[in-house]
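Take a look at the letters that make up each chain.
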Amino acid sequence: MLDSKIPAGKLEDKWTEYKGHCKLVNPANKRKIEVIVIGTGLAGASAAAALGELGYSVKAFCFQDSPRRAHSIAAQGGINAAKNYQNDGDSVFRLFYDTIKGGDYRAREANVHRLAEVSTNIIDQCVAQGVPFAREYGGLLSNRSFGGTQVQRTFYAAGQTGQQLLLGAYSALERQVALGTVKVYDRHEMLEVVKIDGKARGIIARNLITGELERHFGHAVLICSGGYGNVFYLSTNAMGSNVTAAWKAHKQGAYFGNPCFTQIHPTCIPVTGDHQSKLTLMSESLRNDGRIWVPKQKDDNRKASEIPEDERDYYLERRYPAFGNLVPRDVASRAAKERCDAGYGVGTTKKAVYLDFADAIMRYGKIECGKHGIENPSKEVIRHHGLDVVKEKYGNLFDMYAKITGEDPYEVPMRIYPAVHYTMGGLWVDYELMTNVKGLYCLGEANFSDHGANRLGASALMQGLSDGYFVIPYTLGNYLADEIYSKAIPTTHEAFAEAEKKVADRLENLMNIKGTETVESLHKRLGKIMWEKCGMARNEQGLKEAIEEIRTLRNEFWNNVKIPGGIKEFNPELDKAGRVADFIELGELMCIDALNRKESCGGHFREESQTPDGEALRNDEEFMFVSAWEYKGHNGNNIEWELHKEELNYEVIKPSQRNYK
């Protein structure tokens, strides 16, 4: 039976009560305890910095050449916090409610409420670090709206919020490096978790420059390695983003929670051809002011400027008047797909819709003209002033779009289409962020915990920093208080030797295949299967076909993959091969999970389970649980998993059919 370790008492008091009664480690003992952190994005960097500042001896690992390269840097639109600076009705409870509802009632109440509580602390922490959040004319921090909410609670730094937050966390991390509490191992990839007496006690890492395997001991191991969206090949993730660290933990006994819950972001630059290796996100913040539309006429090949207002279908505003263009991501993505599938798409591929700023430019222009006392301004003057406002709010995003597409979004509407972006699934963790393996923790996007079946925009940065700065310093201490008598285990221990041999044998097996097909081509084929049969919409027949196709692909991979170079050298193709091998296994589990969950919820849309007007239809009677899959090993050519269920009990919020109309 899964024990989520949710504290007793009222929901709003649980975290306060937990902090008041959890075990502590005194400063002298902290210096004796070693903690390993895998990943240096927002969750990993903030955790390593916070734990180092507390006095623990921390080792932080990243496969990039610097912690600053973590994919958190690519986040654009903002970070949520329930500060109610706009006095528009926001509160901790409102953020909690929006997150639970946005996740389609498939998240754990206690974790989400804690997230909403500590969100306010994150902003103060980041401002103190010098993060240059946007400010109003008078100097107060500015806010904007994001999908799934009716308040303005998103703090932002133009369209580069992730970069600025990561630089803040990186500064805190480097301070601890200088003080000697944290040591960073860049260009290192974790390839195995070492368990001793049932507890995580270290890792095997590969130095990606020399190819040497290294053993590292830790009293606890924290997986902060991000999401697994690249299982689809084309996604908004950095090309190096992978599932390997989490997958190695999974194969050492950590359950994988809700693997099929994948988020498709509605605001991405459309695919243009087979030559692409990744997709580019256009921030959801653009949906604040941009209006999304398609022509009312099918297969309309006119330019956007030639289509009059009465021949445009602002379909989100039509279908969801209460939220309009700011419906949650899963709702907006399915609506775009529905319009394009019905023949109303735009662009050469017809797999795109318009995101238009013409109205916003004129609206802001009129306001600015009023500020400047300009009476009866011409359209040109209004537009001039409106452009200045839009450039200030979204300029770097518009520039990025122009560079990629060759089109000027100030003059013509952007063309957007949904793409894989975030994964709500991940390693199963309890309230303390510990997996079911003692001493093995998981933070940020790599765990399953806070977003249910769909994440609201601007909540990923919130969760990563919440876990690292404000949750793990308490919950880790509660475990490590019992480990102060445990001396560091020498890496000569047989468990380390066995783990290293296992990694070495796998690398040898990969190099000895000497096939004819590149890692990239096999990854691309996996992505095609996943997108077509486990993407925005899934059905029973397609999922069954996908499982068999992935098993065939896995067999082909291990018999025909081509990897040049050698092991004891810098070899990016070998690194990539290991990651793709893990993606193939994960892809199978995602399809199995999607096949098992015979309902639609959030980002998981089963075509057999929808309302008459095409909305996701949950089945709370049978599926009000977290799917936690246990790896049981290989049986011949097949892999076996066992499903465990964590029942979700809603004490405060009553689950209902989501309605954004």
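Residues numbered from 1 in each chain as written. Predicted model: local features only at pLDDT ≥ 70, side-chain atom pairs only at ≥ 80, totals over all residues. Heavy atoms only, no water.

With respect to the packing of helix α14 (residues 519-534) against helix α15 (residues 540-560)
Cut-off, in case you're wondering: Each axis is a line fitted through C-alpha atoms, taken for helices only over the stretch in contact, and angles between the N-to-C directions span 0 to 180 degrees. In this description a helix means any DSSP run of H or I spanning at least four residues, a strand means any run of E spanning at least two, and both kinds are numbered starting from the N terminus. Here is the rule for angles: anything less than 35 degrees is roughly parallel, anything more than 145 is roughly antiparallel, 65 through 115 is roughly perpendicular, and the remaining ranges are oblique. Contacts are residue-level and defined by heavy atoms, with any inter-residue pair within 4.5 Å sufficient.
Close contact between α14 and α15 brings their axes to 9 Å; oriented N to C, the two are set at 170°. Taken as axis vectors, α14 and α15 run roughly antiparallel relative to one another. Contacts from Leu522, Arg525, Leu526, Ile529, Met530, Lys533 and Cys534 of α14 reach α15 at Gly542, Leu543, Glu545, Ala546, Glu549, Ile550, Leu553, Glu556 and Phe557.

Some words on the domain arrangement of the chain
Worth spelling out the cut-off: All the domain ranges listed were derived from an automatic or database domain assignment. Accessible area that two parts lose when put together, with a 1.4 Å probe and added across both, is what the buried area reports.
The domains assigned to the chain are domain 1 (30-263 + 421-480), domain 2 (265-420) and domain 3 (506-647). Between the C-alpha centres of domain 1 and domain 3 the distance comes to 24 Å. Opposite the 41 residues of domain 1 that make contact, domain 3 presents 54 residues. Taken over both partners, the interface formed by domain 1 and domain 3 buries close to 3,900 Å², and the fraction arising from carbon and sulfur atoms is 58%.

Looking at the sheet that holds strand β8 (residues 213-217)
Heads up, the rule is: Any two strands are treated as partners once DSSP identifies two or more bridges connecting them.
Taken together, the three strands give an open sheet; going across it, the order is β6-β7-β8, and neighbouring strands pair in antiparallel fashion. Two strands in the sheet have a free side with no partner beyond their single neighbour: β6 (188-196) and β8. Each neighbouring strand pair of the sheet contributes to a mean axis angle of 25°, computed without reference to strand direction. As defined by bridge partners, β6 adjoins strand β7 (residues 199-207) across eight bridges and the pair is classed as antiparallel. Among the inter-strand pairings, Lys195 is bridged to a residue of β7, identified as Ala200.

A word on empty space enclosed by the protein
Heads up, the rule is: Residues are said to line a cavity or pocket when one of their atoms sits within 4 Å of a point; the points come from a 1 Å grid over protein atoms alone, cavities being sets where a 1.4 Å probe fits but cannot get out and pockets being open sets with protein on both sides within 12 Å along at least five of seven lines. Grid points are joined across faces, edges and corners, and a volume is the space filled by probe spheres set on the points. Amino acids are sorted into nonpolar (Ala, Val, Leu, Ile, Met, Phe, Trp, Tyr, Cys and Pro), charged (Asp, Glu, Lys and Arg) and polar (every other residue, Gly among them).
Using the criterion set out here, one finds three cavities of 30 Å³ or more in the structure. Empty space within the largest cavity amounts to approximately 40 Å³. Along its surface, the largest cavity is lined by Ile264, Asp330, Ser333, Arg334, Met536 and Gly603. Ranked by residues supplied to the lining of the largest cavity, first place goes to helix α9 (residues 329-344) with three residues. Residues that form the lining of the largest cavity fall into these classes: two nonpolar, two polar and two charged.

Section: the pattern of salt bridges
The cut-off we apply is this: The salt bridge criterion pairs a side-chain nitrogen of Lys or Arg with a carboxyl oxygen of Asp or Glu, the two atoms within 4 Å. Classification of residues uses two cut-offs on accessible area relative to the type maximum, computed with a 1.4 Å probe and protein chains only: under 20% is buried, over 50% is exposed, and between them is partly exposed.
According to the stated counting rule, one finds 61 salt bridges in the structure shown. Close ionic contact of Glu311 with Arg302 constitutes a salt bridge, the shortest N to O distance being 2.6 Å. Judged by relative accessible area, which is 29%, Glu311 ranks as partly exposed. Residue Arg506 pairs with Asp582 through a salt bridge whose shortest N-O separation is 3.1 Å. With a gap of 76 residues between them, Arg506 in helix α13 (residues 494-513) and Asp582 in helix α16 (residues 572-596) connect regions that are remote in the sequence. Connected through salt bridges with shared partners, the residues Asp104, Arg106, Asp330, Arg334, Arg597, Glu599, Arg618, Asp620 and Arg658 form a single ionic network.

So, the packing of aromatic side chains
Rules: A pair of Phe, Tyr and Trp rings is counted when the ring centres sit within 6.5 Å of each other, with Trp represented by its six-membered ring. The angle between the planes then sorts it: under 30 degrees is stacked, over 60 is edge-to-face, the rest tilted. Criterion for a charge above a ring: Lys NZ or Arg CZ within 6 Å of the ring centre, and within 35 degrees of the ring normal.
Inspection of every chain in the model, using the stated rule, returns 23 aromatic pairs. Centroid distance Tyr85 to Phe155: 5.6 Å. Interplanar angle 80°. Geometry classified as edge-to-face. Here the residue Tyr85 occupies a position in the loop between β3 (79-80) and α4 (92-102), and Phe155 occupies one in strand β4 (residues 154-155), the gap between them amounting to 70 residues. Judged by its relative accessible area of 41%, Tyr85 is partly exposed. Judged by its relative accessible area of 1%, Phe155 is buried. Taking the centre distance of 4.8 Å and the plane angle of 85° together, the rings of Phe323 and Tyr660 count as edge-to-face. Here Tyr660 lies in the segment after β21 (638-647) and Phe323 lies in the loop between α8 (315-319) and α9, a separation of 337 residues in the sequence. An identical accessibility class is assigned to Phe323 and Tyr660; each is buried. Joined through ring pairs, the aromatic side chains of Trp15, Tyr18, Tyr431 and Tyr474 make up one cluster. Over the aromatic face of Trp15 sits the side chain of Arg114, whose NZ or CZ is 4.9 Å from the ring centroid. Against the face of Tyr410 rests Lys391, its NZ or CZ located 5.3 Å from the ring centre.

Here we look at the side chain of Lys59
Let me state the cut-off plainly: Counted as positive: Lys and Arg. Counted as negative: Asp and Glu, with His and the chain ends omitted from the count. Pairing of N or O atoms within 3.5 Å defines a polar contact, subject to two protein rules: one partner must be a possible hydrogen donor and the other a possible acceptor, and residues neighboring in sequence count only if both atoms are side-chain atoms.
Within the fold, Lys59 resides in strand β2 (residues 57-61). As a buried residue without a salt bridge, Lys59 has its nearest oppositely charged side chain in Glu34, at a separation of 4.3 Å. For Lys59, the side chain forms a polar contact with the side chain of His216, separated by 3.3 Å. Apart from residues no more than four positions distant in its own chain, Lys59 is found in contact with Glu34, Val35, Ile36, Val37, Lys183, Tyr185, His216 and Phe217.

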